[in-house]
Amino acid sequence: MPVFSLDPAQTAWCAELRALGSERLRPLAEKGEPGHVNRPLVAALGELGLIGRLFDAGALDLCLMREALAQTCTEAETALALQGLGAHPVAAFGTAGQRARWLPEVTAGRAVAAFALSEPDAGSDAAALALEAVPESDGWRLSGEKRWISNAPEADFATVFARTTPGAGARGVTAFLVPADRPGLTGSPLDMLSPHPIGSLLFDGVPVGPADVLGEVDRGFRVAMTTLNLFRPSVGAFAVGMAQAALDATLAHTARRAAFGGVLKDLQAVSHQVAEMATRTEAARLLVYAAAAAYDAGAADVPKRAAMAKLLATETAQYVVDAAVQLHGARALQRGHLLEHLYREVRAPRIYEGATEVQRTVIAKELYAR
Ligand SMILES: Cc1cc2nc3c(=O)[nH]c(=O)nc-3n(C[C@H](O)[C@H](O)[C@H](O)COP(=O)(O)OP(=O)(O)OC[C@H]3O[C@@H](n4cnc5c(N)ncnc54)[C@H](O)[C@@H]3O)c2cc1C
């Protein structure tokens with residue numbers, strides 16, 4: 001498959017997704033409460049079959065969904081991605097029982113998922129995680145804190161990564177599927193710049209058993225990394241969608257804003273800035289598609305490509321949204337303006353799922369390994 005262009009069916013599907021985003025999902029997103037899970041929005045994503053598609057689609061389809069929805073409704077885009085991130089470990093590593101219990105609910109948008117890896121003292125260095133799993137006769141008790149967890153504390157279950165073997169680094173981590181109603185599990189929301197709900201989860205001797213393990217005991221880091229490898233290029237796709245939305249708004253605005261006897265686009269400094277924004281967005285998009293296509297083809301260089309795509313796309317989106325704000329002037333900073341929203345949205349992807357600097361480390365390691 002050529003990685004440099006989409007086929008007509010893919011192009012038509014993206015147009016359909018953008019229309020669904022603006023016509024069907026945006027009105028639901030606008031009724032949501034900031035910082036809380038928007039359940040009607042998640043249910044609509046389920047009804048539209050988009051959540052189901054997450055689990056049988058490849059990386060490229062995931063990227064196309066995220067890019068298209070990001071262009072017209074970032075709230076829907078993020079709600080969709082989080083269902084995927086939280087439930088992919090169940091789909092890929094769950095037992096028949098775990099899959100039967102949770103996947104139909106997740107897919108229908110009735111159960112909300114979370115992916116709980118980060119802790120106050122373990123972010124980029126995820127292998128340093130310390131949430132304790134203390135063995136007892138028929139399982140373990142979990143104690144500790146997960147922080148900066150999207151959809152927490154309202155999610156109905158979380159994939160939780162806990163330390164089953166102390167001192168063993170990445171080799172002593174187990175993934176557990178923890179329903180929200182387990183005794184000893186509480187949480188609180190965090191007030192973040194990022195528009196979607198984020199919180200912490202507190203574990204005070206939460207009981208888990210062998211039936212809650214995802215994959216194998218002490219092999220949970222593989223569950224986390226497999227999930228993140230799939231999602232990494234798609235964070236880039238989210239960024240590309242935001243950059244495209246900012247670019248489209250800028251094209252429209254600079255073509256009609258009267259200034260100095262003409263319109264803004266007549267100023268070469270303005271039109272050249274727009275050209276630069278468009279060029280960088282297209283470059284990022286191609287890198288994202290190439291990384292996703294490489295993932296789907298099972299190519300050997302996926303880690304490098306995925307890291308490059310996430311790095312370039314998230315940094316590009318920051319540049320493009322910032323330039324779009326500049327070319328819109330004051331109106332862009334007014335609460336409720338598309339660019340005010342994108343300016344808040346665009347910041348976090350440079351930090352989560354591997355900060356920019358961590359992606360550079362991955363790329364350099366792959367380069368020197370050859
Ligand atoms: C909006 C948002 C949503 C999130 N959702 C989730 C979620 O759902 N689940 C979850 O588990 N976590 C989530 N996180 C947490 C996220 O994964 C962490 O923030 C991320 O892993 C970075 O960890 P940290 O914030 O502790 O920063 P640190 O690890 O302390 O790093 C701080 C900075 O140090 C630099 N740095 C770190 N390591 C290196 C390195 N190796 N080389 C060079 N520089 C380096 C980078 O500039 C980095 O940004 C979310 C975060 C945000 C902001």
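Residues numbered from 1 in each chain as written. Predicted model: local features only at pLDDT ≥ 70, side-chain atom pairs only at ≥ 80, totals over all residues. Heavy atoms only, no water.

Convention followed: UniProt positions are given in the numbering used here, feature names are shortened, and annotations may be inferred rather than shown by experiment.
By the naming in an unreviewed UniProt entry, the protein chain goes by Acyl-CoA dehydrogenase and is assigned to Streptomyces lavendofoliae. Recorded under Sequence similarities (unreviewed entry), the UniProt text for the protein chain is reproduced unchanged: "Belongs to the acyl-CoA dehydrogenase family."

### Observations regarding the overall build of the protein chain
For the record, the criterion: Helix and strand definitions follow DSSP, with helices as H or I runs of at least four residues and strands as E runs of at least two, each counted in order from the N terminus. When we talk radius of gyration, it's over C-alpha atoms, and the globule rule is simply 2.2 Å times the number of residues to the 0.38. For each residue, the accessible area found with a 1.4 Å probe, counting protein chains only, is set against the maximum for its type, and the residue is called buried under 20%, exposed over 50%, and partly exposed in between. Any two residues whose heavy atoms approach within 4.5 Å are treated as being in contact. Values of accessible area rely on a 1.4 Å probe in the Shrake-Rupley scheme; residue burial ignores everything except the protein chains shown. Lys and Arg are tallied as positive, Asp and Glu as negative. Neither His nor the chain termini are counted. Every charge is mapped onto a representative atom, which is NZ of Lys, CZ of Arg, CG of Asp or CD of Glu.
Along the protein chain, the regular secondary structure elements total 11 helices and 10 strands. For the protein chain, the C-alpha radius of gyration of 21 Å lies close to 21 Å, the compact-globule estimate for 370 residues. Taken over the C-alpha atoms alone, the protein chain extends approximately 80 × 50 × 40 Å along its principal axes. The buried share of the protein chain, reckoned over its 370 residues, is 52%. A fraction of 74% describes how many contacts in the protein chain between residues 6 or more apart in sequence connect residues 24 or more apart. Of the roughly 16,200 Å² of accessible surface on the protein chain, a fraction of 55% belongs to carbon and sulfur atoms. The positive charge centre, built from 35 side chains, and the negative charge centre, built from 40, are 4 Å apart in the protein chain.

### Regarding the pattern of salt bridges
Put simply, the test is: A carboxyl oxygen of Asp or Glu within 4 Å of a side-chain nitrogen of Lys or Arg is what we treat as a salt bridge.
The tally for this structure, following the rule as stated, stands at 18 salt bridges. With a closest N to O distance of 3.1 Å, glutamate 136 and arginine 141 form a salt bridge. In this structure glutamate 136 comes out as partly exposed when scored by relative accessible area, which is 33%. By relative accessible area, arginine 141 is classed as partly exposed at 36%. With a shortest N-O distance of 2.8 Å, glutamate 145 and arginine 147 are connected by a salt bridge. What you see here is one network of salt bridges that share partners, running through Arg26, Glu30 and Glu75.

### Here we look at the UniProt feature "domain: Acyl-CoA dehydrogenase/oxidase N-terminal" (unreviewed entry) in the protein chain
The UniProt entry lists residues 9–109 under the feature "domain: Acyl-CoA dehydrogenase/oxidase N-terminal" (unreviewed entry), expressed in the numbering used here. The span residues 9–109 carries 85% helix and 0% strand; its end-to-end C-alpha distance comes to 26 Å.

### Quick notes on the domain arrangement of the protein chain
Put simply, the test is: Reported domain spans reflect what an automatic or database domain assignment gives. Put simply, buried area is the surface a 1.4 Å probe can reach on two separate parts but cannot reach once they are joined, added for both. Whenever two N or O atoms come within 3.5 Å, that pair is a polar contact, provided that in protein one can donate a hydrogen and the other can accept it, and provided that, for residues adjacent in sequence, both atoms are side-chain atoms.
Segmenting the protein chain into domains produces domain 1 (8–107), domain 2 (113–218) and domain 3 (222–369). Facing the 17 residues of domain 1 at the interface are 19 residues of domain 2. Interface area for domain 1 against domain 2, summed over the two sides, is near 1,600 Å², with a carbon-plus-sulfur share of 62%. Counting across the domain 1 and domain 2 interface gives one salt bridge. Between aspartate 156 and arginine 39 there is a salt bridge, with the nearest N and O atoms lying 3.0 Å from each other. Our count for the contact surface shared by domain 1 and domain 2 stands at nine residue pairs in polar contact (both at pLDDT 80 or more). Of all the secondary structure elements, the ones that give two or more residues to the side of domain 1 that touches domain 2 are α5 (74–93) and α6 (96–108).

### Comments concerning the pairing of strand β2 (residues 132–136)
So the rule is basically this: When DSSP finds at least two bridges between two strands, those strands are taken to pair.
Direction of pairing for β2 relative to strand β3 (residues 139–150): antiparallel, over a ladder of five bridges. Looking at β3, one finds that valine 134 is bridged to arginine 141. Counting the residues that bridge the hairpin from β2 to β3 gives two residues.

### Points about the packing of helix α9 (residues 302–328) against helix α11 (residues 356–369)
As a reminder of what qualifies: Between N-to-C directions, angles span 0 to 180 degrees; the directions come from axes that are lines fitted to C-alpha atoms, helices contributing only their stretch in contact. Left-handed is the label given to a crossing in which the near helix is rotated counterclockwise from the far helix by less than a right angle, and right-handed is the label when the rotation is clockwise. Asp, Glu, Lys and Arg are counted as charged, while Ala, Val, Leu, Ile, Met, Phe, Trp, Tyr, Cys and Pro are counted as nonpolar; the rest, among them Gly, fall into the polar class.
Running from amino to carboxyl end, α9 crosses α11 at an angle of 150°, the nearest separation of the two axes being 9 Å. Crossing of α9 against α11: the hand is left-handed. Here Pro303, Lys304, Ala307, Met308, Lys310, Leu311, Thr314 and Glu315 of α9 lie close against α11, whose contacting residues are Thr356, Gln359, Arg360, Val362, Ile363, Glu366 and Leu367. Broken down by class, the residue content of the contact of α9 with α11 amounts to seven nonpolar, three polar and five charged.

### Quick look at the nonpolar core
Under the convention used in this document: Nonpolar core, defined: a set of buried Ala, Val, Leu, Ile, Met, Phe, Trp, Tyr and Cys residues in which side-chain atoms within 4.5 Å join the residues together.
Core analysis: the biggest nonpolar cluster contains 108 residues, and Leu45, Leu142, Phe161, Phe176, Val178 and Phe203 have the highest contact counts within it. When residues of this core are assigned to their parent elements, the largest contribution, 15 residues, is made by helix α7 (residues 220–256). Contacts of phenylalanine 176, omitting those with residues within four sequence positions, involve Ala133, Trp140, Leu142, Ala158, Thr159, Val160, Ala162, Thr164, Val208, Asp212, Val213 and Leu214.

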